[in-house]
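Chains, contacts and geometry: an overview
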Amino acid sequence: MSIASLKRLPLLRGQETGLIGVIIGLSIAFSFFNPSFLTTDNLRNVLVAVAVVGIMAIGQCFVIIAREIDLSVGSVMGLSGLCGAWLMAAGLSPWLAILLAIGVGATAGLVTGIVVVVFRVNSFIATLGMLSVARGLTQVISGGLPIMVDPSVMFIGQGSFLDIPVQVLIFIGLGIAFQLILTRSVVGQRIVAVGDNDEAARLSGIPINATRIAVFVASGALAAVAGIVYTAQVSVAEAQAGTGLELDVIAAVVIGGASLSGGRGSILGAMLGAYLLGALRNAFILLELSPFLQQMSVGLVIVLAAIFDQFRQGSFRHANVMQSLLFVFRSRTR
């Protein structure tokens, strides 16, 4: 595939269009039960709520397309946000502290990538280890105590531009930029090729090891950006920030159409997946439904998205499915 052919690739594909349709349909349905769901203020609240998860989902999408997984994003987010606040409290320039915090996230991704590529450790195990290491470092650095954020950077999480929250602008801007990288650049072509068939990619001269390391670095750096946004939003850095967000991030990417077997995915799809999860949670709150039902619905959406992905890959043979159904029917009628 040449650069010219890459430029002809559409920015919006069928899976994103279908997901937009699902979001619109659910939004209309929810608005019948609570008209405030489709108000401008509520839609703004949903976008603010999903910005942090969405930013991490952008990096996770690159990792999953490359046929890897990153379970450490929540912990790296917490570590990076805490390091930024700690450096500011130590007297460092806020903007330099932010750059160094992003460097912390990128370094965590680099270490993970090296462990996966050089020592051939499964990414599930490697990132699970990094999850614990990063979470432990946050406790060591903070001593379990919160650290206040410099007021000069709080606008990142609390300010707005043209009545649009800054964190939403960061989320959308990063999404568009990385979608262009994925669909319009050689880097994106290499990531897809490595995830689709790493042996064929190697024979084609693609540096598969460097590509795998790069996606982990990108994931770590974007987790750090999410950590900075979250820290500025709540005005304080906490050692437990980001705990448990790994599932939401991976779910957003899978719902957005990325295949866990690699080689396929969309940044815009991951962003829409993050929005769908946020909209579901928001609707459950407005409808005053049980939080247990909320968790069940999110899990159901994840499972359905994974099943749909299997059908899309052709992993299920219709003939085999019909044979299995006939076997069950006959066994019950005997």
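Position numbers for residues start from 1 in each chain and track the written sequence from start to end. Totals for whole chains, interfaces and linings use every residue, but because this is a predicted model, local features are given only for residues with pLDDT of at least 70 and side-chain atom pairs only at 80 or more, for both listing and counting. Side-chain figures throughout are based on the complete set of non-hydrogen atoms in the structure, without hydrogens or water.

**Quick word on the packing of aromatic side chains**
Within a pair of aromatic rings, the relevant descriptors are the distance that separates the centres and the angle that separates the planes. The line we're drawing: The pairing test for Phe, Tyr and Trp rings, Trp by its six-membered ring, is centres within 6.5 Å, and the orientation test on the planes gives stacked under 30 degrees, edge-to-face over 60, and tilted for anything in between. Only protein chains enter the area calculation, which uses a 1.4 Å probe; residues under 20% of their type maximum are buried, those over 50% are exposed, and those in between are partly exposed.
One pass over the full model with this rule turns up three aromatic pairs. Ring centres of F30 and F37 lie 5.4 Å apart, and the angle between their planes is 65 degrees; on these two criteria the pair is classed as edge-to-face. A relative accessible area of 1% places F37 in the buried class.

**Some remarks on helix α12 (residues 245-255)**
Rule in force here: Helix and strand assignments follow DSSP, with helices taken as H or I runs no shorter than four residues and strands as E runs no shorter than two, numbered in order from the N terminus.
For α12, the buried fraction is high: ten of the eleven residues fall into the buried class. In the segment just after α12, G257 is the residue with positive phi, at about 110 degrees.

**Thoughts on the packing of α12 against helix α13 (residues 267-286)**
As a reminder of what qualifies: Axis lines are fitted through C-alpha atoms, for helices just across the contact stretch, and the angle between N-to-C directions can take any value from 0 to 180 degrees. The sense of a crossing depends on the near helix, which, turned anticlockwise from the far helix by less than a right angle, makes the crossing left-handed and, turned clockwise, makes it right-handed. By definition in these notes, contact holds between two residues if any of their heavy atoms fall within 4.5 Å. Side-chain classes follow a simple rule in which Ala, Val, Leu, Ile, Met, Phe, Trp, Tyr, Cys and Pro form the nonpolar group, Asp, Glu, Lys and Arg form the charged group, and the remainder, Gly included, forms the polar group.
Running from N to C, α12 and α13 point in directions that differ by 120 degrees, and their axes come no closer than 7 Å. The hand of the α12/α13 crossing is right-handed. Where α12 abuts α13, its residues D248, A251, A252, V253 and I255 lie against G269, A270, G273, A274, L276, L277 and R281. In terms of residue class, the contact of α12 with α13 is made up of eight nonpolar, two polar and two charged.

**So, the layout of surface pockets**
Under the convention used in this document: Think of a 1 Å grid over the protein atoms and nothing else: a 1.4 Å probe that fits but is trapped marks a cavity, an open set flanked by protein within 12 Å on at least five of seven lines marks a pocket, and residues with an atom within 4 Å of a point count as lining. Grid points are joined across faces, edges and corners, and a volume is the space filled by probe spheres set on the points.
The calculated volume of the second largest pocket comes to roughly 230 Å³. Mapped by element, the contributors of at least two residues to the lining of the second largest pocket are α3 (40-65) and α13. Residue composition of the lining of the second largest pocket, grouped by class: seven nonpolar, three polar and two charged.

**Considering the pattern of salt bridges**
Formally: Salt bridges are counted wherever a side-chain nitrogen of Lys or Arg sits within 4 Å of a carboxyl oxygen of Asp or Glu.
By the definition in use, this model includes five salt bridges. Its salt-bridge partner being R44, residue D163 comes within 3.4 Å of it at the nearest N-O pair. Note that D163 is positioned in the loop between β2 (160-161) and β3 (164-165) and R44 in helix α3, a separation of 119 residues in sequence. With relative accessibility at 61%, the residue D163 sits in the exposed group. Under the relative-accessibility criterion, R44 is labelled partly exposed at 28%. Here E68 ties to R212 by a salt bridge, and the two come within 2.9 Å at their closest N and O atoms. Remark: R212 occurs in helix α11 (residues 208-234) and E68 occurs in the loop between α3 and α4 (73-89); sequence separation between them is 144 residues. Here the two residues E68 and R212 agree in accessibility, since each one is buried.

**What to know about the nonpolar core**
Basically, it comes down to this: Residue types Ala, Val, Leu, Ile, Met, Phe, Trp, Tyr and Cys, when buried and joined through side-chain atoms within 4.5 Å, form a set referred to as a nonpolar core.
Counting 81 residues, the largest nonpolar core has I55, M56, I58 and I267 as its most contacted members. Element by element, the count of residues in this core is highest for α3, at 14 residues. Discounting chain neighbours no more than four positions away, the residues touching I58 are F171, L174, G175, F178, L222, I267 and M271.

**Side note on the environment of A237**
As for its placement among the helices and strands, A237 is situated in strand β4 (residues 236-237). For A237, a relative accessible area of 1% gives the class buried. Considering only alpha carbons, one finds A237 and G84, 153 residues apart in sequence, at a separation of 8.6 Å.

**A word on empty space enclosed by the protein**
Under the criterion given, the structure shown has four cavities of 30 Å³ or more. Counted as a void, the largest cavity has a volume near 50 Å³. Along its surface, the largest cavity is lined by G81, G84, A85, M88, I98, V149, V153, I228, T231 and A232. Counting residues per element, the ones that place at least two in the lining of the largest cavity are α4 and α11.

**Some remarks on a nonpolar patch on the surface**
Worth spelling out the cut-off: Nonpolar side chains (Val, Leu, Ile, Met, Phe, Trp, Tyr) are joined into patches within 5 Å and like charges within 9 Å, using only residues with over 30% relative accessible area and no salt bridge. The Shrake-Rupley method, run with a 1.4 Å probe sphere, supplies the accessible areas, and residue values consider only the shown protein chains as cover.
Taken together, I20, I24, I28, F32, F33 and L38 make up a surface patch of nonpolar side chains, about 640 Å² in accessible area. The topology assignment puts I20 in helix α2 (residues 14-33).

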